[in-house]
Amino acid sequence: MKFFRALTMAAIGPVVMTGCGSHGVIPAGPDAYVAPPVRTVAVPVPPPAPKPKEAPAALTAIIQSAVRNFDGKAGVAVESVDDGWIVSANGETLMPQQSVSKTWVAMTVLAQRDEGRLSLDDPLTITTADLTLFHQPIAALVQKNGGRYTSTVGEIMKRALTMSDNTCNDKLLWLVGGPPAVRAFIESRKLGAIRFGPGERLLQSGTAGLTWQQRYSLGRNFYQARAALPNEVRAKAFNAYIADPPDGAAPVAIADALARLKRGELLSAGSTSWLITTMQSSHTGRNRLRGEVPGDWLFGHKTGTGQDFGGRTAGYNDVGILTAPDGRSYTVAVMIGDTARTIPQRWELMHTVVKAIVNSDRNSR
């Protein structure tokens, strides 16, 4: 044991002693470790990230002034798809979407198509039991064909988007799994402050102060039942809807979601193209945003209109994608949550926003 300790101390002794500068330098043996020379390595410094482009000041001023001077609850958001800037006025407030929410149903359908769970060519049958209320042109086809009309998923979705057919949209909603499926899509894509309501029947009957009955889907039954309600019942339900809309969405969230759609971040290339092209062929709201779009620009959009009560309207909207002749694109959401202004005055707000976007684009060249 003593011999082993001696060898150990002999082996480590020079190493220990070389660390003691006060004892001088002891020559290293032939097997001693020699530290490599220290070399300085130049580490490349990445260039600073480019500053995001600022939103055009003139566009910002016009939009904020237009919303500030509008008599009613309104919000506007505009996003540059190419440069990423956003202009908004009251853009974080949740506004009633009404039929704007058909956009999220369509996206959910197309997402399931991308996953191979359904095809746009799949047959889809609508019966009298599927009818909803308000605008549902397909009801005439259902009745004409003995209470049953069969088409395809793609054709029904075109009707929901371009005609804003409530029954077509509701049929697609339940095809994909109901409101929870659409909410899951919104959450999975991180679309932000966008709610999805309980479906057309419950949303509209609740806003009116009624409890849904399927007979309301036929003829004038819904209107008659609503008219029979005391004013205080209708007022309470109407005001509650405006104050906290179950289908509420922030204009900035909608504008950003449409920008991400345009960039191809939400759906496959094929589904993205199908949706944008279909929105460009919409027949609704010709005098809303579309009323000021230049003839050489492309515009795909979705409108939304709520119920009237006491001279007020709960939800008068238009959202979409504006594309200049050179391909530069802007998304826009103009949402009027509560107003007594006339329809032409609502159009004026929407036209002011489109005109400002077009002029800003031209001035930036």
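As shown above, the structure is provided for reference.
On a predicted model such as this, the values are computed, not experimentally measured, just so you know.

**Here's the deal with the overall build of the protein**
Reasoning step 1: Helix and strand content of the protein: 13 helices and 11 strands.
Reasoning step 2: The burial tally for the protein puts 48% of its 365 residues in the buried class.
Reasoning step 3: Within the protein, counting contacts between residues at least 6 apart in sequence, those at least 24 apart form 70% of the total.
Reasoning step 4: With an accessible surface of roughly 18,000 Å², the protein has 57% of that area assigned to carbon and sulfur atoms.

**Some remarks on the packing of helix α3 (residues 102-114) against helix α5 (residues 153-162)**
When two helices pack together, their arrangement is given by the angle between their axes and by how far apart the axes lie.
Reasoning step 1: Packing of α3 against α5 leaves a shortest axis separation of 10 Å and a crossing angle of 160°. When the axis of α3 is compared with that of α5, the two are roughly antiparallel. Considering how the two elements wind past one another, α3 and α5 form a crossing that is left-handed. Residues Lys102, Ala106, Val109 and Leu110 of α3 pack against Val153, Met157, Ala160 and Leu161 of α5.
Reasoning step 2: Grouping the constituent residues of the contact of α3 with α5 by class yields 7 nonpolar, no polar and 1 charged.

**Description of the nonpolar core**
Reasoning step 1: Judged by nonpolar contacts, the single largest core of 54 residues is most densely connected at Ile254 and Leu275.
Reasoning step 2: Leaving out residues up to four positions away in the same chain, Ile254 has contacts with Gln97, Val100, Trp104, Ile194, Ala249, Val319, Ala333 and Met335.
Reasoning step 3: Leu59, Val78, Leu289 and Val332 belong to the second-largest nonpolar core, a separate cluster that totals 29 residues.

**Some words on helix α2 (residues 57-68)**
Reasoning step 1: Counted at 1.5 Å a residue, the expected span for α2 with its 12 residues is 16 Å, and the 16 Å between its end C-alpha atoms agrees.
Reasoning step 2: At its buried positions, α2 is contacted by β1 (72-80), β2 (86-89) and α13 (343-363).

**Quick look at the side chain of Arg288**
Reasoning step 1: You can see Arg288 is positioned in the loop between α12 (269-280) and β7 (298-305).
Reasoning step 2: Among all residues touching Arg288, those that are not within four sequence positions of it are Thr303, Gly304, Thr305, Tyr316, Asn317, Asp318, Trp347, Met350 and His351.

**Side note on the packing of aromatic side chains**
Reasoning step 1: Counted by the stated rule, this structure contains 8 aromatic pairs.
Reasoning step 2: Look at Phe134 and Phe222: their rings are 5.2 Å apart centre to centre, the planes differ by 85°, and that puts the pair in the edge-to-face class. One end of the pair, Phe134, is in the loop between β4 (123-127) and α4 (138-144); the other, Phe222, is in helix α9 (residues 221-227), and 88 residues separate them in sequence.
Reasoning step 3: Residue Phe134 is classed as partly exposed on the basis of its relative accessible area, which comes to 26%.
Reasoning step 4: Joined through ring pairs, the aromatic side chains of Phe134, Trp212, Tyr216, Phe222 and Tyr223 make up one cluster.
Reasoning step 5: Lying over the aromatic face of Tyr223, Arg220 brings its terminal NZ or CZ to 4.1 Å of the ring centre.

**Considering the side chain of Thr132**
Reasoning step 1: By the secondary structure assignment, Thr132 is in the loop between β4 and α4.
Reasoning step 2: The residues contacting Thr132, other than those within four sequence positions of it, are Asn166, Thr167, Asp170, Glu200, Arg201, Trp212, Tyr216 and Ser217.

**Overview of unusual backbone geometry**
Reasoning step 1: At Gln98, a position not held by glycine, the phi torsion is positive, near 55°.
Reasoning step 2: Here Gln98 is to be found in the loop between β3 (95-96) and α3.
Reasoning step 3: Phi is positive for Phe134, which is not a glycine, with a value near 55°.

**Brief notes about the layout of surface pockets**
To locate leftover empty space, one rolls a probe as large as a water molecule over the atoms.
Reasoning step 1: Put simply, the largest pocket is a space of about 400 Å³.
Reasoning step 2: Lining the largest pocket are 21 residues, and of these Ser99, Phe134, His135, Asn166 and Thr305 sit closest to its centre.
Reasoning step 3: Only α8 (200-208), α9 and β7 provide two or more residues apiece to the lining of the largest pocket.
Reasoning step 4: With 4 residues, the single largest contributor to the lining of the largest pocket is β7.
Reasoning step 5: Residues belonging to the lining of the largest pocket are distributed by class as follows: 3 nonpolar, 13 polar and 5 charged.

**Side note on empty space enclosed by the protein**
Reasoning step 1: Counted by the stated rule, this structure contains 1 cavity of 30 Å³ or more.
Reasoning step 2: Approximately 100 Å³ is the volume found for the largest cavity.
Reasoning step 3: Around the largest cavity, the lining residues are Gln98, Ser99, Ser101, Lys102, Asn169, Phe196, Gly197, Pro198, Gly199, Glu200, Leu203 and Asp247.

**Quick word on the packing of helix α11 (residues 251-262) against α12**
Reasoning step 1: Where α11 meets α12, the axes come as close as 10 Å, and the angle between the chain directions of the two elements is 120°. Taken together, the axis directions place α11 and α12 in an arrangement best described as oblique. The segment α11 lies against α12, with Leu258, Leu261 and Lys262 engaging Thr272, Leu275, Ile276 and Met279.
Reasoning step 2: In terms of residue class, the contact of α11 with α12 is built from 5 nonpolar, 1 polar and 1 charged.

**Observations regarding the pattern of salt bridges**
Reasoning step 1: Taken as a whole and assessed by the stated rule, the structure comprises 11 salt bridges.
Reasoning step 2: Residue Arg195 is joined to Asp244 by a salt bridge in which the shortest nitrogen-to-oxygen separation is 2.7 Å. Taken together, the positions of Arg195 in the loop between α7 (179-188) and α8 and Asp244 in the loop between α10 (231-243) and β6 (248-249) put the pair 49 residues apart, joining distant regions of the chain.
Reasoning step 3: Residue class for Arg195 comes out partly exposed when judged on its relative accessible area of 31%.
Reasoning step 4: The exposure class assigned to Asp244 is partly exposed, which follows from its relative accessible area of 46%.
Reasoning step 5: Between Arg328 and Asp361 there is a salt bridge, and its shortest N-O distance comes to 3.7 Å. Within this pair, whereas Arg328 is found in the loop between β10 (316-323) and β11 (329-339), its partner Asp361 is found in helix α13, the two being separated by 33 residues in sequence.
Reasoning step 6: Each of Lys53, Asp83, Arg328 and Asp361 takes part in one network of salt bridges that share partners.

Definitions and limits used
Residues numbered from 1 in each chain as written. Predicted model: local features only at pLDDT ≥ 70, side-chain atom pairs only at ≥ 80, totals over all residues. Heavy atoms only, no water. Helix = DSSP H or I, 4+ residues; strand = E, 2+ residues; numbered from the N terminus. Buried < 20%, exposed > 50% of the residue type's maximum accessible area, 1.4 Å probe, protein only. Contact = heavy atoms within 4.5 Å. Areas by Shrake-Rupley, 256 points an atom, 1.4 Å probe, with all protein chains shown as cover. Axes fitted to C-alpha atoms, helices over the stretch in contact; angles between N-to-C directions. Parallel < 35°, antiparallel > 145°, perpendicular 65-115°, else oblique. Left-handed = near helix turned anticlockwise from the far one by under 90°. Nonpolar A, V, L, I, M, F, W, Y, C, P; charged D, E, K, R; others polar. Core = buried A, V, L, I, M, F, W, Y, C linked by side-chain atoms within 4.5 Å. Expected span 1.5 Å × (residues − 1). Phe/Tyr/Trp six-rings, centres within 6.5 Å; stacked < 30°, edge-to-face > 60°. Lys NZ or Arg CZ within 6 Å of the ring centre and 35° of its normal. 1 Å grid on protein atoms, 1.4 Å probe; cavity = no way out; pocket = protein on both sides within 12 Å on 5 of 7 lines; lining within 4 Å. Points joined across faces, edges and corners; volume = space filled by probe spheres on them. Salt bridge = Lys/Arg side-chain N within 4 Å of Asp/Glu carboxyl O.

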